[in-house]
Amino acid sequence: MTFFEELQKQRWDDHRYYHHNRINQFLHLLSASCFLASYLLVFYYPAAAALVGWLLAMVLRQTGHFFFEPKSYDEVNKATHEYKESVKVGYNLSRKVVLLSIWALVPVVLFFKPDFFGVFTPATTFSAFINNMAIIWLYVGLGAILFRTVHLFKIMGVQSGLVWMSKIITDPFHDIKIYHKSPYYIMKGEMYDHMDDWYEEATFENKA
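Residues numbered from 1 in each chain as written. Predicted model: local features only at pLDDT ≥ 70, side-chain atom pairs only at ≥ 80, totals over all residues. Heavy atoms only, no water.

1. Thoughts on the overall build of the protein
Then, in step 1: A tally of regular secondary structure across the protein gives nine helices and zero strands.
Then, in step 2: The N-to-C order of helical and strand elements in the protein reads α-α-α-α-α-α-α-α-α.
Then, in step 3: Overall, the C-alpha framework of the protein stretches about 60 × 45 × 30 Å when taken along its three principal axes.
Then, in step 4: Burial statistics for the protein: of 208 residues in total, 41% are counted as buried.
Then, in step 5: Long-range contacts, defined here as pairs at least 24 residues apart, represent 73% of the contacts in the protein between residues at least 6 apart.
Then, in step 6: Carbon and sulfur atoms form 69% of the exposed surface of the protein, whose accessible area is close to 11,600 Å².
Then, in step 7: In the protein, 19 side chains carry a positive charge and 19 a negative one; their mean positions are 5 Å apart. (Helix = DSSP H or I, 4+ residues; strand = E, 2+ residues; numbered from the N terminus. Buried < 20%, exposed > 50% of the residue type's maximum accessible area, 1.4 Å probe, protein only. Contact = heavy atoms within 4.5 Å. Areas by Shrake-Rupley, 256 points an atom, 1.4 Å probe, with all protein chains shown as cover. Lys, Arg positive; Asp, Glu negative; His and termini not counted. Charge placed at Lys NZ, Arg CZ, Asp CG, Glu CD.)

Structure representation (structure tokens):
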């Protein structure tokens, strides 16, 4: 597959396996909007970008995955939850638990080690503490992307790793494109996406 074809396939697999629930889709729409705000803030106020990215965008996104997305047998794709977890290119739920645990431990470690092992001048005010914490969160996020990308280089190849990194970075734009109608479906009472139209459009699968 070309780079673009693999990008489309990774996006398609991510959507069809992990985004059946309309509330999950709506939360991804909100999350994507927050991530775009974070993308703008990172050039002017990196700490604020990290706070928006983690406390708003990531919390909304992962709430959809952990609490609304069904874990039962996937009739649309004829796949078990266990199978989907095993073939997930990026962070499956188990990996996300590890990542979110690291994220949650950052303020605890910073509280007991205000200089964060010599990285910062110890904060003397609450706002300075929040700023230091947010900067660490920013690097945790960037590190998570880089770590999984390099890991994919080893297990799937360089192109697959670069495709996944490109997908993650551009997901906010793509999520807005494909989930902007989710509030409409929710108001109609349609809680699950059966993806009939998506299967018709996913012709690139035949080229794999």
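Back to the write-up after that little detour.
2. A look at the nonpolar core
Then, in step 1: Grouped together as the largest cluster of nonpolar side chains are 25 residues, with contacts concentrated most on Trp54, Leu110, Ile136 and Trp137.
Then, in step 2: Counting residues per element, the ones that place at least two in this core are α2 (22-41), α3 (46-68), α5 (93-112) and α6 (126-155).
Then, in step 3: Element by element, the count of residues in this core is highest for α6, at nine residues.
Then, in step 4: Beyond its immediate chain neighbours, meaning those up to four positions away, Leu110 contacts Phe116, Phe120, Phe129, Asn132, Met133 and Ile136. (Core = buried A, V, L, I, M, F, W, Y, C linked by side-chain atoms within 4.5 Å.)

3. Considering the side chain of Gln10
Then, in step 1: Mapped onto the fold, Gln10 is located in helix α1 (residues 3-18).
Then, in step 2: Each residue touching Gln10, except ones within four places of it in the same chain, is listed here: Val89, Ser160, Val163, Trp164 and Lys167.

4. Points about the packing of α2 against helix α7 (residues 158-179)
Each pair of packed helices can be described by the angle between their axes along with the distance between the axes.
Then, in step 1: It is at 8 Å that the axes of α2 and α7 come closest, and there the two elements cross at 135 degrees. Between α2 and α7, the angle is such that the two are oblique. When the axes of α2 and α7 are compared, the crossing they make is left-handed. The segment α2 lies against α7, with Gln25, His28, Leu29, Ala32, Ser33, Phe35, Leu36 and Tyr39 engaging Ile168, Ile169, Pro172, Phe173, Asp175, Ile176 and Tyr179.
Then, in step 2: Of the residues assigned to the contact of α2 with α7, the class counts are 11 nonpolar, three polar and one charged. (Axes fitted to C-alpha atoms, helices over the stretch in contact; angles between N-to-C directions. Parallel < 35°, antiparallel > 145°, perpendicular 65-115°, else oblique. Left-handed = near helix turned anticlockwise from the far one by under 90°. Nonpolar A, V, L, I, M, F, W, Y, C, P; charged D, E, K, R; others polar.)

5. Re α6
Then, in step 1: With 30 residues, α6 extends 43 Å from end C-alpha to end C-alpha; this agrees with the ideal 44 Å at 1.5 Å per step.
Then, in step 2: Restricting attention to buried positions, one finds in α6 the residues Phe129, Asn132, Met133, Ala134, Ile136, Trp137, Leu138, Val140, Ala144, Arg148, Thr149 and Leu152.
Then, in step 3: Once α6 ends, the next one or two residues include Gly157, with phi positive near 115 degrees. (Expected span 1.5 Å × (residues − 1).)

6. Considering the packing of α3 against α5
Then, in step 1: Relative orientation of the contacting elements α3 and α5 amounts to 150 degrees, with a least axis distance of 12 Å. It follows from the interaxial angle that α3 and α5 lie roughly antiparallel. Between α3 and α5 lies a crossing whose hand is left-handed. Contact residues: α3 offers Trp54, Leu55, Met58, Val59, Gln62, His65 and Phe66, while α5 offers Leu93, Lys96, Val97, Leu99, Leu100 and Trp103.
Then, in step 2: Here the residues of the contact of α3 with α5 are counted per class, giving 10 nonpolar, two polar and one charged.

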